Structure formats: C-alpha cells, structure tokens
Amino acid sequence: MSDGARADVTRTRWTFVLALPALWVFAVLAWELSWPSSGQLLQLLAAAPAIACAGTGRRLCVVMGGVCALLALVPFDGAPPIGPGLPARTVNCAAILTVVCASYLTAGRRLRLVRELVRAREVAATAQRALLPPLPPRIGTVAPAALHLSADEGASMGGDLYDVVATRYGVRAVIGDVRGHGLAALATVAAMLGCFREAAHDEAELSGVLRRLERAHARHLAGRDPAADTGPLGPDAEEFVTVLLLEIAPDGTARALNCGHPWPYRVAPGVVEPVVRADPLPPLGLFPLPRALDTVACGRLTPGEGLLLYTDGAHDARGTDGGFFPLVETVRRFAGARADAVVGGVHDALLRHARGQLTDDVALVMLSAAPPRTPGPAAPGPGRPAARVEEPSRPRTQLQGPRRPARVSAASDRGRAATNRPA
C-alpha cells in the first residue's frame, strides 16, 4: 500500500471514530421511534461519552458525546417527549452526566499515560541509538549497511550485536549473538560492544581483540552474579556469546576469527557462497580460548563484491507453513546491488515470511567494496594559499599555455630611450 493510500485509510478510520458517538445516539433514537420500548432503550444513550472516550481518548470528544446524548432527550418544536415521563428522563440525564464525568477523568489519565509512554519510548530509542548507532554510508574502504530486528515487540535492539569501525589496521567488524534474546540481553551486548570499540583501535592483531572480548565477557558475568565465579557449575556457566571478528585490509584482503558464529557469505553478481567452510572455535564463555589463535583467510574483496554477516535468527525465522527463511535465495536476487539495497530487500522479505512474528533477534551487516575516492582540491590551511578553481567553460590550453610578456606602452618606450641618449 502506498503512503497516500495508507493516509487516506487512516483519515477515514479517524473520521468514523469521531462520528461514532453521534451514530450511536442516532441508532438508539431510530430504534426507539420504530419500535417503542417505553424508554428502556434510552438508557443506552449513556454509552455515547464512553464510546467517545474509548475511541479517541480526547476530553472534547467525551463532552460532545455527552451533549449529543442529552440533546436526544430534549423535545423540540412542542413535540411530545420520547420515552418515559420526567422522573425516568431525569434518571437518564443523571446517568449520562455520571458517565461523562467518569469518561472525562479517564481521558485525562489516559492522556497523561500516553505522554509518559511517548517520553519513555524517546528515552529508550535514544539509549538504543547510543548503544547501536546507525552505520555511515562509508567506512574506510567499505560501504556498509546493517539492520537489526528484535524479537520483543516495541524494542529496536535485542541480543544481537554488530559494529564496523575504521582503524589504522584496516576496517574491523564484529557481529555476535548473546544467549537469549530481547531486552534481557542488552547488558551483555553493551559490555561486548564497549570492549570491541576500544580493543579494535588498540590491538594490532585480531587475536588480541578476541582475548579482550573474552575477558570483558568474564568480568561482565562476575559483576552480574558473584556466584558465577565459583566454577563450571555456577548459575551463569552456560552464559555464552557467539562472536565473529572480521578485518578488511586497505587492499581488500579479509581475514576473520570465529567463535561459534555462522561464517559470512561472499556476495557477487549471481554468487552467494560461504567464504570459509572450516569449523569455528567454541563460543565465548563455554571454554577458554586456545593459546594459539590463527586468523582464517576470507579472500579478497574486489569491486562489485561484498560480505554478508548475519546471525542465526535470519536462517531460523519460520513462516506460517513452518519453513525456514530462504536467506541465500533472497540475497541472490539482490546480489550486485548496493549494500543498503541488499539489506532492505532481505528485511522486507524476512518480515513477509515471518508475518512480523519473530522468535529470535536478527542482525544483518553487508560490507561492500566502496568505489575509490576521487581526489579533490586540498583544503586551505595556515600558510597555504587557497586552490584556484578553473572555469570549466574556458579551454584548458589557455590555462596551461606559456605566459606572454607584459606589454609596454609606446610612451614608456620613448621615455626610456630619452633617458639612455648621451648628452
């Protein structure tokens, strides 16, 4: 559905909700006039302000619904009153006013709760953006794009983590999956991302970054529950994190360290295949890292190619028929496109497949080879003159041709000759 059609549907629904109390009053009066019930149906008029409160939540609409209900009990043009006599009508008016007052107070409380909810969502969104900020369109020699879908409704983050940073050693990326999902895993995600953003710039080797992540994870578990430090039988013994570290050198050469995470896919026009088929190391938190950590070569990233990093939530997402999400087939349809187009296409296809009901968090990071930068004019600095901008309409030969000597006027020639003449 297009944005214009969606806006028209929303406007139509809102108009119907606004007119619903008046329609209710009209329906009650029409029923009473058609099939008189001695005024028993008029008691239903008291529901008009309650309907306005439930439909819109606005105090003005509640008052308008009460006014419509009260006007229905007033005879006009000398017509006999509809329904019972004055005592019963007085009771109906009192009931309507009571419902108006209760709905008015309820609408005010609802308004305060809505404002608090909006504020809480703004604070949560700001915190989540600070923890997992959006990636810029270019980082070093790669053009990244990423998405994250949380299994918890209303949350934009969960138990999956990723980040891409440019360092003096090349572009380094991390993607991981914390045990569990949703908001309960945010603390571990924050600990791992904070450690990676520091270690990626400090450590010259990926093995050093991975060991820093292992120590950060252990400290995080010990801080959560001191009993976790008692040995393998502690309550947090099974808390683990799968981590994939990737480094792309300036020449496009990629290498990785993998702890229990799915290997990335190499994405090229018509080709989607794993870059490595070796067995990964165990996830962090289950067993100590071995003494020797050898990085695994992942080939070279050439123009038109990319690497797709993902979490197992993308593979394990089930549709209404119980089938798994066809990640490889979906990515193959967008192979060769820009990184954001690949990620956007997978995002839409995944939500359609799962009908918006995800059972696990999903994270995708697409790293495409960025086109080379075109050199521009140097920015003027202290002691450096500003670069002269050539006019594109002027032929270049006129700008680079030899300089002509300055023309001297005839009067100056005569004056110089008179000065050099002997007396």
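Values in this document were obtained by computation on a predicted structure and should not be read as measured data. (Residues numbered from 1 in each chain as written. Predicted model: local features only at pLDDT ≥ 70, side-chain atom pairs only at ≥ 80, totals over all residues. Heavy atoms only, no water.)

*Asks:* Just checking my understanding: could you explain the pairing of strand 3 (residues 170–178) for this structure?
*Replies:* Where a strand is regular, its side chains alternate between the two sheet faces. By the criterion of burial, strand 3 is predominantly enclosed, with nine of the nine residues buried. Linking strand 2 (residues 160–167) to strand 3, which pair antiparallel, is a turn of two residues. (Buried < 20%, exposed > 50% of the residue type's maximum accessible area, 1.4 Å probe, protein only. Helix = DSSP H or I, 4+ residues; strand = E, 2+ residues; numbered from the N terminus. Pairing = 2+ DSSP bridges.)

*Asks:* Help me understand the sheet that holds strand 6 (residues 265–268), please; the structure alone is not making it clear to me.
*Replies:* Pairing between the strands of a sheet is mediated by backbone hydrogen bonds and can be parallel or antiparallel. Pairing within the open sheet is antiparallel, and its five strands lie in the order 1-10-9-6-7. The open sheet terminates on both sides in strands that have one partner only, identified here as strand 1 (142–149) and strand 7 (271–274). Each strand axis lies, on average, 20° off the axis of its neighbour in the sheet, ignoring direction. (Axes fitted to C-alpha atoms, helices over the stretch in contact; angles between N-to-C directions.)

*Asks:* Help me understand the pattern of salt bridges in this model?
*Replies:* Two side chains of opposite charge can pair, provided their charged atoms sit close to one another. Considering all chains together, one arrives at 10 salt bridges under this definition. A cluster of three or more residues bridged by salt bridges with shared partners is formed by Arg-172, Glu-205, Glu-247 and Arg-255. (Salt bridge = Lys/Arg side-chain N within 4 Å of Asp/Glu carboxyl O.)

*Asks:* Would you mind going over the sheet that holds strand 4 (residues 241–248) with me for this structure?
*Replies:* One open sheet holds the five strands; their spatial order is 2-3-4-5-8, and the pairing between them is antiparallel. At either end of the open sheet lies a strand with only one pairing partner, and these are strand 2 and strand 8 (296–300). Geometrically, the sheet is characterised by an average inter-axis angle of 15° between neighbouring strands, direction not taken into account. Relative to strand 3, strand 2 runs antiparallel, the two sharing eight bridges. Counterpart to Asp-163 in the pairing with strand 3 is Val-174. Packing of helix 5 (residues 186–202) onto the sheet brings it into contact with strand 2, strand 3 and strand 4, and relative to strand 2 it is tilted by some 15°. (Contact = heavy atoms within 4.5 Å.)

*Asks:* I tried to follow helix 2 (residues 47–55) on my own but got confused; where do I start?
*Replies:* In an α-helix, one turn spans 3.6 residues; hence positions three or four apart end up facing the same way. Those residues of helix 2 not exposed but buried are Ala-48, Pro-49, Ala-52 and Cys-53. For helix 2, the arc enclosing every buried residue in end-on projection is 140°, short of the 170-degree limit, so these residues lie on one face. Where helix 2 terminates, the next one or two residues include Gly-57, which has phi positive at roughly 75°. (Arc of directions from axis to C-beta.)

*Asks:* Can you walk me through the nonpolar core in this structure?
*Replies:* Nonpolar side chains tend toward joint burial in soluble globular proteins. In terms of nonpolar packing, the biggest core is built from 50 residues, with Leu-245, Leu-246, Ile-248, Leu-309 and Leu-367 touching the most fellow members. Those elements that provide at least two residues to this core are strand 2, strand 3, helix 5, helix 6 (206–224), strand 4, strand 5 (253–259), strand 9 (306–310) and strand 10 (362–369). Ranked by residues supplied to this core, first place goes to helix 5 with seven residues. Look past the residues within four positions of Leu-309 in its chain and what remains in contact with it is Ala-173, Ile-175, Leu-244, Leu-246, Pro-264, Ala-363, Leu-364, Val-365 and Leu-367. Core analysis: the next-biggest nonpolar cluster, separate from the first, contains 26 residues, Ala-145, Val-272, Tyr-310 and Val-343 among them. (Core = buried A, V, L, I, M, F, W, Y, C linked by side-chain atoms within 4.5 Å.)

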